[in-house]
Each structure stands twice: as structure tokens, then as C-alpha cells.
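# Per-entry structural report
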Amino acid sequence: MKTYPVITISREHGSGGHEMGRMLAEELGIPFYDNEIIAIAAKDSGFAEQAFEEADKRASSSLLYSLSRLGSGGTYSMPLNDQLFMIQSGIIRTVADRGPAVIVGRCADYVLRSYTKCIHIFAYADVESRVRRIMEERKLSRLEALEFLKRTDKSRAAYYNYYTDQKWGSRQFYDLCINTGLIALETAVGLIRDYVNCAWGGLLEQAKREAKP
């Protein structure tokens, strides 16, 4: 099966990873997916988007145990959160099979770990930089932003660590880690673009021409 170049972005909350991914997709001229994955998964599965959003914040029982039950009852014998994770993972693979893309979050780096033409990026920053960004974006006090940051990072780490056999934020699982607290997001996008060009050469442009409609 033909595989296309895909960029996944994992990020600490407040590091600007979502915005950086959107800007990068525009720069490279390829589709961008973040909450779009939830919208597609909800449409295809019949579950409400809110169910996927809530599932992203927590894990349920053992996914390995749930997978062991597939033979007896299929996907719907799983706990709901695990069903939603499997559905969402299927959408991520479908997106990657269709053509080049930038995918933010949702354990996409792990879901696509067997895909040979992926670049996995992790965006991080110092706490103060992230708190300032959250305060500005959400109109929160410093204390509220700090608590929101801690709560969200804890939730993301728990979700990722639960559904994968990797540790969220561990550098060995990423091709490029960028400290967005030291540079502007526009500069970070430029660095990723240069990294992509060095790693893939003309592969991305060729893949864009060959991508499925």
C-alpha cells in the first residue's frame, strides 16, 4: 500500500501547537486536522462530537483487555471510551492513507507509528510562556491559566500513556522537539518546513500531486 508523508504534532498545552500546525499546513499546502478528526469520527460513527471530546480527557479500563474481547463481541463489547479511541484511530489512518496532512494531537504519532513517511513533532515551552498564551487566548487570570495548564497537561499525559506503550513528551518518540517559548510560531513553522524539505526532498510535492481526491 502506498504511504504518504504525514506530519504529526503533539504539544504541551499553551505551547501553540495547534496554531503552529495550522500555519504549517497552510505553508506546505496540505490539509490540517485537529478537531476535524472528531467531526469526521462523529459523522461516520453516529456518536456525538461531545462524546469524543470527553473521551479525549480520560481513559477507561484496560485497552488491552478490551482488545482481547474483540473476538467475542466486536468493537461494541469495549468500554465506550475505548470504542471512541478505536474509531478515531481509524479516521487518522484513513486521513494518512488519502494523502499528505498535518495532524495535531489524538495520539496520531502512535497510531501512525508503522507508517514509514511520518515526521513526529513535539512542541513545548516554559510554564510562564504557556501561562501567558492561555491567559490571552482564554481571558483567564494568571492563577486560573496555571491551573488550567496543569489540569490539561495531566489529562493529555494520562490519555496518551494509557492508549499507547509510550510516554507522552519523551523525546525518543519524536523526530523534532521545538521550544516555542524561545521563538515565534512563525519561526518555528519555518524550522519545521526546512526540516521537512531536508528529510523528504521533493517527496511532498510529488505526494501532493498523487494524493487521492
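Anything mentioned here points back to the structure above.
The structure contained in this document is the topic of the report that follows.

The rules behind each value
- Residues numbered from 1 in each chain as written.
- Predicted model: local features only at pLDDT ≥ 70, side-chain atom pairs only at ≥ 80, totals over all residues.
- Heavy atoms only, no water.
- Pairing = 2+ DSSP bridges.
- Helix = DSSP H or I, 4+ residues; strand = E, 2+ residues; numbered from the N terminus.
- Contact = heavy atoms within 4.5 Å.
- Axes fitted to C-alpha atoms, helices over the stretch in contact; angles between N-to-C directions.
- Buried < 20%, exposed > 50% of the residue type's maximum accessible area, 1.4 Å probe, protein only.
- Phe/Tyr/Trp six-rings, centres within 6.5 Å; stacked < 30°, edge-to-face > 60°.

## A look at the sheet that holds strand 2 (residues 32-33)
One open sheet accounts for 5 strands, arranged 2-3-1-4-5; its pairing is parallel. Only two strands of the sheet have a single partner each, and these edge strands are strand 2 and strand 5 (176-179). With 4 bridges joining them, strand 4 (residues 118-124) and strand 5 adopt parallel strand pairing. Residue pairing in the sheet places Ile121 in a bridge with Leu176 of strand 5. Its contacts with the sheet put helix 6 (residues 80-98) on strand 1 (6-11), strand 2 and strand 3 (101-104), and the angle it makes with strand 3 is roughly 160°.

## A closer look at unusual backbone geometry
Positive phi values are uncommon outside glycine, yet Arg106 reaches one of about 60°. Here Arg106 lies in the loop between strand 3 and helix 7 (108-111). Positive phi values are uncommon outside glycine, yet Cys107 reaches one of about 60°. Tracing the backbone through its elements, the reader meets Cys107 in the loop between strand 3 and helix 7. For Cys107, a relative accessible area of 5% puts it in the buried group.

## Describing the packing of aromatic side chains
Scanning all chains against the criterion turns up 6 aromatic pairs. Geometrically, the ring pair formed by Phe85 and Tyr159 is edge-to-face, given 6.2 Å between the ring centres and 70° between the ring planes. Taken together, the residues span a long stretch of sequence, with Phe85 in helix 6 and Tyr159 in helix 9 (residues 142-163) at a distance of 74 residues. For Phe85, a relative accessible area of 5% gives the class buried. When its relative accessible area of 6% is taken as the criterion, Tyr159 is described as buried.

Distances and angles like these do not, on their own, reveal function.
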